[in-house]
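Descriptive structure summary
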Amino acid sequence: MLLLIYFMLLYCYFSSAVSTPLSSSSCKLLGQFHLNGMHKAGDVVLGGLFKVHFFSVSPDLSFTSEPQPTSCHGFDVVGFRQAQTMAFAIDEINRNSNLLPNVTLGYSLYDNCVKLGIGFSAALSLASGQEEQFILEETCVGAPPVLGIVGDSSSTRSIAISTVLGLYRVPMVSYFATCSCLSDRQKFPSFFRTIPSDAFQVRAMIQILNRFGWTWAGLLVSDDDYGLHAARSFQSDLAQFGGGCLAYLEVLPWGDDPAELRRIVDVMKKSTARVVIVFAAESHMIILMEEVVRQNVTGLQWVASEAWTAANTLQTPHLMPYLGGTLGIAVRQGEIPGLREFLLQIHPDRHHNNSYGNSMVNQFWEHIFQCRFAPPPTGWVEAGGTLCTGQENLENVETELLDISNLRTEYNIYKAVYALAFALDDMLKCEPGRGPFSGHSCGNLKRLEPWQLVYYLENVNFMTAFGDQVSFDENGDPLPIYDVMNWLWLPDGKIEVQNVGEVKRSAFKGEQLTIDGDKIFWNFELNKPPRSVCSESCPPGTRIARKKGEPECCFHCISCSEGKISNETDSTECTSCPEDFWSSLQRDHCVPKKTEFLSYHEPLGICLTAASLLGTCICAVVLGIFIYHRRTPIVRANNSELSFQLLLSLKLCFLCSLLFIGRPSLWTCQLRHVAFGISFVLCVSCILVKTMVVLAVFKASKPGGGASLKWFGVLQQRGTVIVLTSIQAVICTVWIVSASPAPHKNTQYHNDKIVHECVVGSTVGFAVLLGYIGSLAILSFLIAFISKNLPDSFNEAKLITFSMLIFCAVWVAFVPAYISSPGKYSDAVEVFAILASSFGLLVALFGPKCYIILLRPERNTKKAIMGRIQS
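Residues numbered from 1 in each chain as written. Predicted model: local features only at pLDDT ≥ 70, side-chain atom pairs only at ≥ 80, totals over all residues. Heavy atoms only, no water.

1. Brief notes about the overall build of the chain
We apply this condition: Note on conventions: DSSP H or I runs of at least 4 residues are helices, E runs of at least 2 residues are strands, and numbering of each starts at the N terminus. When accessible area is computed with a 1.4 Å probe and restricted to protein chains, residues below 20% of their type maximum are described as buried, those above 50% as exposed, and intermediate ones as partly exposed. Residue-level accessible areas treat just the shown protein chains as cover; the underlying method is Shrake-Rupley with a 1.4 Å probe.
Helix and strand counts for the chain come out as 22 helices and 31 strands. The buried share of the chain, taken over its 871 residues, is 50%. Here the chain has roughly 41100 Å² of accessible surface; of this, 58% comes from carbon and sulfur atoms.

In structure tokens:
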């Protein structure tokens, strides 16, 4: 059928354009379409395509006889009101002396019966005209049958019609075709529309989903260009802009398919998605809701596309338990002053009933008053039917025709007609020689070409009386704006579709959604929006782990591991804390790591500090005792100066242990080992020299041994101590210069703690320092051991032997204990070794002497000391 129509149009065009001796002098239509229409003559005629009937019955296409015309039934009063809106707009323009002066607009409006074939036939009739025969002249002049078409309402029909009419650049301005595919200027160069593209509608719906936190939704679309293109846009834009997922995507079948509808509703019932988005026409929703009611599927939040947001047939008490609270995108509402008065002036034409003319008005009259014009159908009168007189009063009946409280599609039609009128007005105002066409020519009324009007449509820009700006972008799309509607179910059972917001695109702020949440009616408990998520949001401290084979909105929440955090919901990964920080117990923020070092404030540090100070005080007391009793034989024996030096060095040993307590710093790390090394070498050097003096004195007491003392005079003793100590000072200097000890933050022992410690810098340097001390101690021990059998009056050698034994035992045990002790305990071990060895030396060397000085003074005499020798 469509091919036949198309070739008929081509035949008409070629027959009228080519004149040969073999061809006739006229072009005759092969056939005439029997269409419901409404017409008015004018200097320039605009076409219109509207849905005035819901259904159609296709003829028998067996082709054994000529096919009968397709018949339409189920009168759509709203569609008729839309056609009358175009008629009103043209009438208003004709009465406007400032717009198209001296030009009368006419119209030819056709019913498409929601059928592609009928809509396509109507469009071709508008483009080619309905005259039976065209007489060819030498030149083809005059205006085309129509200069532009307002329509169609369907994306599928608009695609088909614009594909053909676009070849001849006949402008089409649709008022309800929203498919984003129609924005393709290469395929549809002369298509315009006053309703935003589905690309914007899809993004508007995604913004609504984001506004209420719905990340898990089902999508139902019709099986046509409108639904399928919307599905593709929704899938791509949802991932890009929304961060949500589709639980299911189902295509609603055409016609009555109970098995498929039952399957789709069963999917909806079993799904965890509480939000259902529907891109489909009103007729699809009516059939779908029958199955929804049959299965009693409640608890769903419906989101409607503009195709059924304002559908009165769905706003019934029977369906409101299911559809109450629906949110929908609606075409921008406007006001058209004077439209109601114009509609009240409608009257039928009794002389052209059901013939080419204003049959559409007559059919409306018969529908609204339930009568028939003469001649009535057979049996009509006999069955009690009445005849229409044409004098019936529209104000006496309740009809949707006069309900102008919610003009949305009508407002788009109104703007479409005015866009064509303003474009034509701009074209006729063109000054010769300054026009946009070749040779700076202008279009004129006698030689109007449709393609010329396309140029002016692209540049049209005007304001409606309602205050809306009308213009088209480079794709023929208008400035996008939608109203957000909500189906309110009132306590008295009444239903109201209320405006709760809007979504629009601004040149400066982009796409903006404004919703008054307090006005929205929710068909759920507590009148609150539902939760529709596949998985609840992962709280801070956790990360998302995708479920294999499922959409990205379905996931597990896994706690962050130690040392890592996530401080936002739905984090995809946990971030590591900085080096000096650790994760909190909740893993939602980083906290400073606990610090560990041998502190003065902890019990262990306090005990060691107390022991160090105690040792220092004891050394000071002993030194005071020795100074006080410096002239007594026991103090003067074996060089009292060495005893004083030994006490001072022991005091330094006790005090150097304090450098190991407290937070390490560069100077304490360097000083602690230097002080430790030099203090102990000074101490051990004094003991070594004292041991050698003991041995020399003993040898000097024997006959002929006096010469040995000349090598151990006071100067030699001092020099030996200084030389031995200087060697250690050189070792420490080389160590610090080459690889200095330094503070270090150790995180190896505990992940959540920072252990402040001093690294030795050079293990060799530390080993040499300890080795030198150990060498002197062993040497002292050996000399003292050799001298242990001396007479009792010289028994200090025994004390030195015992003290060196304690000293060596402590430091031999220190090495493995130091290596195996972590963190602050290694410092504690070293302090303990210092204190233990220092106390050992102090007690072993000075304990017996203090005992004699303080408690047995009778033994602190030269006679007592020398008595045993004399005996």
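2. Observations regarding the packing of aromatic side chains
Any aromatic ring pair is given by two values, namely how distant the centres are and how the planes are angled relative to each other. For clarity, the threshold we go by: Note on aromatic contacts: the rings of Phe and Tyr and the six-membered ring of Trp form a pair at centre separations within 6.5 Å, being stacked when their planes are under 30 degrees apart, edge-to-face when over 60 apart, and tilted otherwise. Throughout this description, the term charge over a ring refers to an Arg CZ or Lys NZ atom that lies within 6 Å of the ring centre and within 35 degrees of the ring normal.
Considering all chains together, one arrives at 33 aromatic pairs under this definition. Taken together, a centroid distance of 4.4 Å and an interplanar angle of 15 degrees make the contact between F422 and F462 stacked. Of this pair, F422 sits in helix α12 (residues 409–428) while F462 is found in strand β18 (residues 461–463), placing the two residues 40 residues apart along the sequence. Given a relative accessible area of 24%, F422 falls into the partly exposed group. Owing to a relative accessible area of 7%, F462 belongs among the buried residues under this scheme. Seen from their ring centres, F676 and W811 are 5.2 Å apart, and the 40 degrees between their planes marks the pair as tilted. Taken together, the residues span a long stretch of sequence, with F676 in helix α17 (residues 666–700) and W811 in helix α20 (residues 796–820) at a distance of 135 residues. For the pair F676 and W811, one class covers both residues: buried. Pairwise contacts between aromatic rings join F88, F342, Y414, Y418, F422 and F462 into one cluster. Above the face of the F212 ring, R211 is positioned so that its terminal group lies 5.1 Å from the ring centre. When the ring centre of W380 is taken as reference, the NZ or CZ atom of R372 above it lies at 4.5 Å.

3. A look at the sheet that holds strand β15 (residues 327–331)
To keep things clear, this is the line we draw: In this analysis, strands are considered paired if DSSP registers two or more bridges between them. Lines fitted to the C-alpha atoms define the axes, with helices restricted to the stretch that makes contact. Angles between their N-to-C directions range from 0 to 180 degrees. Contacts: residue pairs with any heavy atoms within 4.5 Å of one another.
Strand order across the open sheet formed by eight strands is β12-β11-β13-β14-β15-β20-β21-β22, with mixed pairing between neighbours. Edge positions in the open sheet fall to β12 (245–252) and β22 (510–515), since each of these has one partner strand only. Neighbour-to-neighbour, the strand axes of this sheet turn through a mean angle of 25 degrees, independent of strand direction. Along the sheet face, helix α5 (residues 198–211) touches β13 (275–279), β14 (301–304), β15, β20 (481–489), β21 (495–506) and β22 and points at about 50 degrees away from the line of β22.

4. Focus: the pairing of strand β11 (residues 216–222)
Look at any regular strand and the pattern is simple: side chains alternate between the two faces of the sheet. For β11, the tally of buried residues reaches seven of seven residues, placing the bulk of the element in the interior. Pairing between β11 and β12: seven bridges, direction parallel. Counterpart to A217 in the pairing with β12 is L246.

5. Description of the state of the cysteines
Our working rule: Our working definition of a disulfide is a cysteine sulfur pair at a distance within 2.5 Å.
One pass over the structure, following the stated rule, counts ten disulfides. Each disulfide pairs two cysteine sulfurs, and for C430 the partner residue is C442, the sulfurs being separated by 1.9 Å. The disulfide joining C430 to C442 has a torsion of about -55 degrees about its S-S bond and is therefore left-handed. Note that C430 is positioned in the loop between α12 and α13 (450–458) and C442 in the loop between α12 and α13, a separation of twelve residues in sequence. Residue pairing for C560: its cysteine sulfur links by disulfide to C574, the two sulfurs lying 2.0 Å apart. Its torsion about the S-S bond being -80 degrees, the disulfide of C560 and C574 is classed as left-handed. Here the residue C560 occupies a position in the loop between β24 (555–559) and β25 (564–565), and C574 occupies one in the loop between β25 and β26 (575–576), the gap between them amounting to 14 residues. Across the pair, exposure class does not vary: C560 and C574 are buried alike. In this structure C619 is not part of a disulfide, and its nearest cysteine sulfur, from C653, lies 8.4 Å away. Judged by its relative accessible area of 1%, C619 falls in the buried class.

6. Regarding the packing of α20 against helix α21 (residues 824–855)
To keep things clear, this is the line we draw: Throughout this description, any angle smaller than 35 degrees is read as roughly parallel, any larger than 145 degrees as roughly antiparallel, any in the 65 to 115 degree range as roughly perpendicular, and the remainder as oblique.
At a minimum axis distance of 9 Å, the contact between α20 and α21 shows a crossing angle of 175 degrees. Comparing their axes, α21 and α20 come out roughly antiparallel.

7. As for the nonpolar core
Rules: Residues enter a nonpolar core if they are buried and are Ala, Val, Leu, Ile, Met, Phe, Trp, Tyr or Cys, with the set joined through side-chain atoms within 4.5 Å.
Grouped together as the largest cluster of nonpolar side chains are 103 residues, with contacts concentrated most on F234, I277 and F279. The biggest single contributor to this core is α12, with twelve residues. Setting aside its immediate chain neighbours within four residues, I277 contacts M205, L209, A217, G218, L219, L220, F234 and V303. Grouped together as the second largest cluster of nonpolar side chains are 66 residues, L642, L647, V674 and Y772 included.

8. Looking at unusual backbone geometry
In this structure, D152 follows G151 across a cis peptide bond, with omega equal to -5 degrees. With respect to the secondary-structure elements, D152 resides in the loop between β8 (148–150) and α4 (155–165). Of note, the bond from A374 into P375 is cis; its omega dihedral lies within 30 degrees of zero at -5 degrees. In this fold, P375 is placed in the loop between β16 (371–372) and β17 (386–387). Even without being a glycine, N527 presents a positive backbone phi close to 55 degrees.

9. Let's talk about α12
Inclusion rule: By this rule, a helix spans an expected 1.5 Å times one less than how many residues it contains.
End to end, α12 covers 29 Å across 20 residues, agreeing with the expected 28 Å (1.5 Å per residue, within 8%). In terms of burial, α12 is a largely internal element, 17 of the 20 residues being buried.

10. What to know about the sheet that holds strand β10 (residues 191–193)
Strands sit in the order β2-β6-β3-β8-β9-β10 across an open sheet of six strands; the sheet is mixed. With one partner strand each, in any of the chains shown, β2 (37–40) and β10 form the two edges of the open sheet. Put simply, the sheet's adjacent strands are angled 20 degrees from each other on average, direction ignored. Relative to strand β6 (residues 105–111), strand β3 (residues 44–50) is paired through seven bridges, and the arrangement is parallel. Within the sheet, the bridge partner assigned to V45 lies in β6 and is G106.

11. Considerations on the pattern of salt bridges
Note the threshold: Put simply, a salt bridge is a Lys or Arg side-chain nitrogen that is within 4 Å of an Asp or Glu carboxyl oxygen.
Considering all chains together, one arrives at 26 salt bridges under this definition. A salt bridge links R193 to D477; the shortest N-O distance between them is 2.7 Å. Taken together, the residues R193 in strand β10 and D477 in the loop between β19 (469–471) and β20 connect sequence positions 284 residues apart. A residue is classified by how much of its surface remains accessible, and D477, at 10% relative accessible area, is buried. A single salt-bridge network, built from bridges that share partners, covers R332, R408, D468, D483, E502 and K504.

12. A closer look at helix α3 (residues 116–128)
For an α-helix, the turn length of 3.6 residues means that residues three or four places apart are oriented alike. Compared with an ideal rise of 1.5 Å per residue, which puts 13 residues at 18 Å, α3 spans 18 Å between its outermost C-alpha atoms and is within 8% of the ideal. Taken across its 13 residues, α3 has eleven buried, putting it largely inside the fold. What α3 keeps buried is the set I118, G119, F120, S121, A122, A123, L124, S125, L126, A127 and S128. Two residues or fewer after α3 comes G129, characterised by a positive phi angle close to 90 degrees.

13. A word on the pairing of β3
The element β3 is largely enclosed, with a buried count of seven among its seven residues. By the alternation rule, side chains of β3 split into V44, L46, G48 and F50 and V45, G47 and L49, which are all buried. The pairing of β3 with β8 spans three bridges and is parallel. Looking at the pairing, G48 lines up with V150 of β8.

14. Here we look at a positive patch on the surface
We count it as follows: Patches here are clusters of residues that have more than 30% relative accessible area and form no salt bridge, with a 9 Å joining cutoff for like charges and a 5 Å cutoff for nonpolar side chains (Val, Leu, Ile, Met, Phe, Trp, Tyr). Only four residue types enter the charge count: Lys and Arg as positive, Asp and Glu as negative, with His and the chain ends excluded. Where a charge lies is defined by one atom per residue type: Lys uses NZ, Arg uses CZ, Asp uses CG and Glu uses CD.
Together, R630, R631, R636 and K862 make up a positively charged patch on the protein surface. Relative to the helices and strands, K862 is located in helix α22 (residues 862–870). Judged by relative accessible area, K862 falls into the exposed class, the value being 63%.

Everything listed is a geometric property; what it means functionally is a separate question.
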